[in-house]
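# Analysis of the macromolecular model
The primary structure of each chain is shown beneath.
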Amino acid sequence: MLRFLPSKAAVWAALSAFVVVLLAWLRIDAKNDQRRKTEALRNKARLDAIQSKQEIDRDVETQDDTALIDRLTRN
């Protein structure tokens, strides 16, 4: 009956292999999470830039030429 029990070395090897696999999975998951966060920030920045451009275009359309010249020369 005792010959079916694994040795200490085999138990430690199996435990070590499990820990290595677990750490690799956690590392991959962390990289994917960081990529998703970066994509979300990039998409938000793009949306903000588009909205800002639309606001500027709308403001320019509503201004007359003298107000536009004043605005451009001020900056």
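Here, the structure is the one placed above.
Residues numbered from 1 in each chain as written. Predicted model: local features only at pLDDT ≥ 70, side-chain atom pairs only at ≥ 80, totals over all residues. Heavy atoms only, no water.

## Some remarks on the overall build of the protein
- Helix and strand counts for the protein stand at two helices and zero strands.
- Counting over 75 residues, the protein shows a buried share of 0%.
- On the protein, roughly 7200 Å² of surface is accessible, and the fraction owed to carbon and sulfur atoms is 62%. (Helix = DSSP H or I, 4+ residues; strand = E, 2+ residues; numbered from the N terminus. Buried < 20%, exposed > 50% of the residue type's maximum accessible area, 1.4 Å probe, protein only. Areas by Shrake-Rupley, 256 points an atom, 1.4 Å probe, with all protein chains shown as cover.)

## Quick word on a nonpolar patch on the surface
- A surface patch of nonpolar side chains, amounting to about 840 Å² of accessible area, comprises Trp12, Leu15, Phe18, Val19, Leu22, Leu23, Trp25 and Leu26.
- Among the secondary structure elements, Trp12 is positioned in helix α1 (residues 8–62).
- Trp12 sits in the exposed class, given a relative accessible area of 57%. (Patch = residues over 30% accessible without salt bridge, like charges linked within 9 Å, V, L, I, M, F, W, Y side chains within 5 Å. Salt bridge = Lys/Arg side-chain N within 4 Å of Asp/Glu carboxyl O.)

## Quick word on the pattern of salt bridges
- Taken as a whole, this structure holds five salt bridges when the rule is applied.
- Among the salt bridges present, the one from Arg36 reaches Asp33, with a minimum N-O distance of 4.0 Å. Remark: Asp33 and Arg36 occur in helix α1; sequence separation between them is three residues, near one turn of the helix.
- Owing to a relative accessible area of 43%, Arg36 belongs among the partly exposed residues under this scheme.
- Judged by relative accessible area, which is 32%, Asp33 ranks as partly exposed.
- Each of the salt bridges in this network shares a partner with another, and the network as a whole consists of Asp33, Arg36 and Lys37.

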